[in-house]
Amino acid sequence: MKPLLTEAGPRIDPATVAFDIDGVVADTMRLFVDIVREEFRHSELRYEDITCYRLEDCLDLDPEIRNTVIAQLIEGSHRRPLEPIPGAPEVIARLSRLAGPVLFVTARPDAGFIEPWLHSVLPASHNGVRVVATGDFDAKLEVLRHHEKVFFVEDRLETCFTLNEGGITPVVFRQPWNRQPHPFVEVGDWAELADLMALP
Ligand SMILES: [Mg+2]
């Protein structure tokens, strides 16, 4: 039976949870907005304007600028640093000390930039991470099944629906682009996630 996540129900078993990276651990869209605002002089752009996952559907932005910045973010060639979402590194380190290496599954085409980045932001006290890059949102399901994960923390709502249909319980990491109606448990920050996992 699928584990239920309700207020009175079971918590996330720390050994059975995995995480998306961009928009959950990495503050990637904040960096997108900062680059567009400062390097492309679109100071009117706000983080809250990103109300959908497909940027072309919600931002009135030159496609060339959009694609240039996205390419920088994928390659890691941006000049400004990518910052972690507040609290993420500390909670991941605590989780790894409790439950062993933490699994991250990203739809990035490769882990070339993001895996070293993750190591660079984690406290030295962590007990291991594993990064799998699928290149495809829908391929996350098989990776999670293969690693016997039950819960996945994700910011892309479409992926949450796909995972749920495949028997993985999604936890929505709240962002301006996932405010459409959904039936899943959601968290607003890493303190809430640590509570759900009952981390000591
Ligand atoms: Mg994401």
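Residues numbered from 1 in each chain as written. Predicted model: local features only at pLDDT ≥ 70, side-chain atom pairs only at ≥ 80, totals over all residues. Heavy atoms only, no water.

The space that makes up the largest pocket amounts to roughly 670 Å³. Considering the residues around the largest pocket, the lining is formed by 28 residues, among which M29, Y53, I70, I74 and F137 are closest to the centre. Only α1 (28-39), α2 (55-58) and α3 (63-75) provide two or more residues apiece to the lining of the largest pocket. Residue contributions to the lining of the largest pocket peak at five residues, all from α3. Counting only domains with at least three residues in the lining of the largest pocket, you end up with domain 1 (14-27 + 83-196) and domain 2 (28-75). (1 Å grid on protein atoms, 1.4 Å probe; cavity = no way out; pocket = protein on both sides within 12 Å on 5 of 7 lines; lining within 4 Å. Points joined across faces, edges and corners; volume = space filled by probe spheres on them. Helix = DSSP H or I, 4+ residues; strand = E, 2+ residues; numbered from the N terminus. Domains from an automatic or database assignment.)

This part takes up the coordination of the magnesium ion. Ideal coordination angles are 109.5 degrees for a metal with four donors arranged tetrahedrally and 90 or 180 degrees for a metal with six donors arranged octahedrally. For the magnesium ion, the protein coordination sphere consists of D20 (OD), D22 (O) and D155 (OD), at 2.0 to 2.1 Å. Donor residues for the magnesium ion sit on one chain with the sequence pattern D-x1-D-x132-D. (Donors = N, O, S within 2.8 Å, 3.2 Å for Na, K, Ca; no water.)

As a further point, take unusual backbone geometry. One non-glycine residue, R41, lies in positive phi territory at about 55°. With respect to the element layout, R41 can be found in the loop between α1 and α2. Judged by relative accessible area, which is 72%, R41 ranks as exposed. The backbone of A198 shows a phi angle near 50°, a positive value even though the residue is not glycine. Within the element layout of this structure, A198 appears in the segment after α8 (190-196). For A198, a relative accessible area of 43% puts it in the partly exposed group. (Buried < 20%, exposed > 50% of the residue type's maximum accessible area, 1.4 Å probe, protein only.)

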